[in-house]
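Working through the structure, step by step
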Amino acid sequence: MNLQNRDFLKLLDYTPEEIRYLLDLAKKFKKMKKEGITHRYLEGKNIVLLFEKTSTRTRCAFEVASYDLGAHVTYLDPVSSQMGKKESIEDTAKVLARMYDGIEYRGFSQEIVETLAENADVPVFNGLTDEFHPTQMLADIMTVEENFDTIENKKLVFMGDCRNNVAHSLMVVCSKLGMNFVACGPRELWPNEELVEVCKNINKETNGSILLTENVEEAVTGAHVIYTDVWVSMGEDDSVWKQRIELLRKYQVNKEVMNMASSDVIFLHCLPSFHDLKTTIGKEIYEKFGLKEMEVTDEVFNSPNSKVMDEAENRMHTIKAVLYATIGGNNE
Ligand code: CP
Ligand code: NVA
């Protein structure tokens, strides 16, 4: 398997075998890290991290993965680069490619990261756009596999805003890997119809399936993985909270929902999550709408079934696999 110089923009661009290769590589890196075996295969390489939206996990995962591999990083925060304001995306890509061996981008439309990739002759990585969050998917599937050994015939249910970047990406990765994907939420927030068609076609090859439903019981009965995400994503206007709460409150992941699933069900969430009143936004929502918990209850978030911290850790191991496979090392 050779992924040298490949961009990592969305999982639609990757074959099931390539995704499998990255997952297996991530598992090897995790083992090496736990055993204290150094793996500085990218010594002398430089990676730039362009963030137009905020981040904890993705930024830290890219930084730690790079350092463990012996590479250096430059972080450009949401306001300190010229991109878009004074310099086109095309010019930015060409300039950065002269200095760096890889470019990570987190921001708004998928078109931006695709344009960066078209104009940079080094690998470009999507660290989240409005449409997709592909590095998150590798960590999610890795976490599922750590709990079930195999993903064959596993049912993964996404509850909530089923047309956001995470839900769309889950639908793609489940289809690529032949899993049973369920999107559960109000019809108004169902996945993009064109993408559903694309994924249904992929499923013809992989034996996966897709179900869209408004019915929570139908969705979660027999589920192995219940996954949710924030009800309002980065880049959306604060004014949408009221309507989103009205639409999504009955799709909260709580004990009753978990009890309807398979007895070995796990709970996943890409994080950050509103499950208590310990955040500024959480408090504001409580004051305005009286909700103490949003997409998931604190009880489920902190239950033994919740694997969200393993999932967060796995961001680093999987991103390391992507960096190593695409930038390539000569020190192995
Ligand atoms: N899950 C995830 O992408 O987290 P951050 O927004 O903290 O990077
Ligand atoms: N859907 C969320 C994911 C955060 C990791 C957002 O885009 O804000």
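Within each chain, residue numbers correspond to sequence positions counted from 1 in written order. Chain A is the first chain written and ligand 1 is the first ligand written, with later ones labelled in order. Residue-level local features of this predicted model are given only where pLDDT is at least 70; pairs of side-chain atoms are given and counted only at 80 or more, and the full residue set underlies all totals for whole chains, interfaces and linings. Excluded from the side-chain calculations are hydrogens and water; all other atoms, namely the structure's heavy atoms, are used.

1. Some words on the overall build of the chain
Filter applied, for reference: Here a strand is any run of E in DSSP of at least two residues, a helix any run of H or I of at least four, and the numbering for each starts at the N terminus. The classification of residues rests on relative accessible area computed with a 1.4 Å probe and restricted to protein chains. Under 20% of the type maximum is buried, over 50% is exposed, and intermediate values are partly exposed. What makes two residues a contact is simply this: any of their non-hydrogen atoms within 4.5 Å. In this tally, Asp and Glu contribute negative charge and Lys and Arg positive charge; neither His nor the terminal groups of the chain are included. A charged residue contributes its charge at one atom only: NZ of Lys, CZ of Arg, CG of Asp or CD of Glu.
Scanning the chain from N- to C-terminus turns up 13 helices and nine strands. For the C-alpha atoms alone, the extent of the chain along its principal axes is close to 50 × 45 × 40 Å. Looking at the 332 residues of the chain, the share that counts as buried comes to 57%. Within the chain, counting contacts between residues at least 6 apart in sequence, those at least 24 apart form 75% of the total. Across the chain, the 38 positively charged side chains and the 54 negatively charged ones have centroids separated by 3 Å.

2. Remarks on the sheet that holds strand E9 (residues 266-269)
Condition: Strand pairing follows a simple DSSP-based rule, namely that at least 2 bridges must link the two strands. The convention used is that axes are lines fitted to C-alpha atoms, helices contributing only their stretch in contact, and that angles between N-to-C directions extend from 0 to 180 degrees.
Across the sheet, which stays open at both edges, the five strands sit in the order E7-E6-E5-E8-E9 with parallel pairing between neighbours. Two strands bound the open sheet, and with one partner strand each, they are strand E7 (209-213) and E9. Neighbour to neighbour, the strand axes of the sheet diverge by 20° on average, direction disregarded. As defined by bridge partners, strand E6 (residues 180-184) adjoins E7 across five bridges and the pair is classed as parallel.

3. Some thoughts on the environment of Lys 278
With respect to the helices and strands, Lys 278 occurs in the loop between E9 and helix H11 (280-289). In this structure, the C-alpha to C-alpha distance between Lys 278 and Lys 292, residues 14 residues apart in sequence, is 10.0 Å.

4. Some details on the site of ligand 1
The condition that has to hold: Any residue with a heavy atom lying within 4 Å of a molecule or strand is counted as near it. Between N or O atoms, a polar contact is any pair within 3.5 Å; within protein, one atom must be a potential hydrogen donor and the other a potential acceptor, and residues adjacent in sequence are included only when both atoms are from side chains. A 1.4 Å probe and the Shrake-Rupley method give the accessible areas. Residues count as covered only by the protein chains that appear here. Each residue gets one label: Ala, Val, Leu, Ile, Met, Phe, Trp, Tyr, Cys and Pro are nonpolar, Asp, Glu, Lys and Arg are charged, and the others, such as Gly, are polar.
The environment of ligand 1 is made up of Ser 55, Thr 56, Arg 57, Thr 58, Arg 106, His 133, Gln 136, Cys 270, Leu 271 and Arg 315. Here an oxygen atom of ligand 1 sits 2.6 Å away from a polar atom, N or O, in the side chain of Ser 55. Interatomic distance of 2.9 Å between a side-chain N/O atom of Arg 106 and an oxygen atom of ligand 1. Out of a free accessible area of 250 Å², ligand 1 has 96% covered by protein chains. Partitioned by chemical class, the residues of the shell around ligand 1 number two nonpolar, five polar and three charged.

5. Quick look at the confidence of the model for the chain
Convention followed: The predictor attaches a confidence to each residue, and that confidence, scored 0 to 100, is pLDDT.
The predicted model of the chain has a mean per-residue pLDDT of 97, with 99% of residues at 70 or higher. Ranking the helices and strands of the chain by mean pLDDT puts E6 first, with 99, and H11 last, with 96.

6. Observations regarding the site of ligand 2
Taken together, Leu 128, Asn 164, Asn 165, Val 166, Asp 229, Val 230, Ser 233, Met 234, Cys 270 and Leu 271 form the complete shell of residues around ligand 2. Side-chain polar atom of Asn 165 to a nitrogen atom of ligand 2: 2.8 Å apart, as the coordinates give it. Contact between ligand 2 and Asp 229: a nitrogen atom at 2.6 Å from a side-chain N or O atom of the residue.

7. Considerations on the environment of Glu 287
Position of Glu 287 among the secondary structure elements: in helix H11. Here the alpha-carbon distance between Glu 287 and Val 216, two residues 71 residues apart in the chain, equals 28 Å.

8. Here we look at the pattern of salt bridges
We apply this condition: In what follows, salt bridge is the name for a side-chain nitrogen of Lys or Arg lying within 4 Å of a carboxyl oxygen of Asp or Glu.
Considering all chains together, one arrives at 21 salt bridges under this definition. Here Lys 10 and Glu 114 are joined by a salt bridge, their closest N and O atoms 3.0 Å apart. Here Lys 10, found in the segment before helix H1 (16-34), pairs with Glu 114, found in helix H4 (residues 110-119); they are 104 residues apart in sequence, far enough to count as distant. One salt-bridge network, in which partners are shared between bridges, spans Arg 20, Asp 24, Lys 27 and Glu 145.

9. A look at the nonpolar core
This is how it is decided: Residues belong to a common nonpolar core when they are buried Ala, Val, Leu, Ile, Met, Phe, Trp, Tyr or Cys residues joined through side-chain atoms within 4.5 Å.
Residues Phe 181 and Leu 323 are the most contacted members of the largest nonpolar core, which totals 62 residues. Ranked by the residues each element gives to this core, the list is headed by helix H13 (residues 308-327), at eight residues. By size, the runner-up hydrophobic cluster in this structure holds 34 residues, among which are Val 182, Leu 189, Leu 291 and Met 294.

10. Structural notes on the packing of helix H2 (residues 57-68) against H13
What counts, and what does not: Between 65 and 115 degrees an angle is taken as roughly perpendicular, under 35 as roughly parallel, over 145 as roughly antiparallel, and anywhere else as oblique. When the near helix sits turned anticlockwise from the far one by under a right angle, the crossing is termed left-handed; a clockwise turn instead gives a right-handed crossing.
Between H2 and H13, the least distance of the axes is 8 Å, while the angle of their chain directions is 50°. Taken together, H2 and H13 sit at an angle that is classed as oblique. Both H2 and H13 take part in a crossing whose hand is right-handed. Residues Arg 57, Thr 58, Ala 61, Phe 62, Val 64, Ala 65, Ser 66 and Asp 68 of H2 form the contact with H13, whose own contacting residues are Ala 312, Arg 315, Met 316, Ile 319, Lys 320 and Leu 323.

11. Observations concerning unusual backbone geometry
Omega for the bond connecting Leu 271 with Pro 272 falls within 30 degrees of zero, at 0°, which places this linkage in the cis form. Relative to the helices and strands, Pro 272 is located in the loop between E9 and H11. For Asn 5, which is not glycine, the phi dihedral falls at a positive 70°. Residue placement: Asn 5 occurs in the segment before H1. Owing to a relative accessible area of 49%, Asn 5 belongs among the partly exposed residues under this scheme. Despite not being glycine, Asn 153 shows a phi value in the positive range, around 60°.

12. Comments concerning the packing of aromatic side chains
Formally: Stacked, tilted and edge-to-face pairs are distinguished by plane angle, under 30 degrees for stacked and over 60 for edge-to-face with tilted covering the rest, among Phe, Tyr and Trp rings (Trp via its six-membered ring) whose centres lie within 6.5 Å. When the NZ atom of lysine or the CZ atom of arginine is within 6 Å of a ring's centre and also within 35 degrees of its normal, the charge is said to sit over that ring.
For the structure shown, the criterion picks out eight aromatic pairs. Members of the aromatic cluster, connected to one another through ring pairs, are Phe 29, Tyr 41 and Tyr 324. Sitting above the plane of the Tyr 14 ring, Arg 6 keeps its charged end 4.3 Å from the centroid. Directly above the aromatic system of Tyr 75 lies the positively charged group of Arg 59, at a separation of 3.5 Å from the ring centroid.

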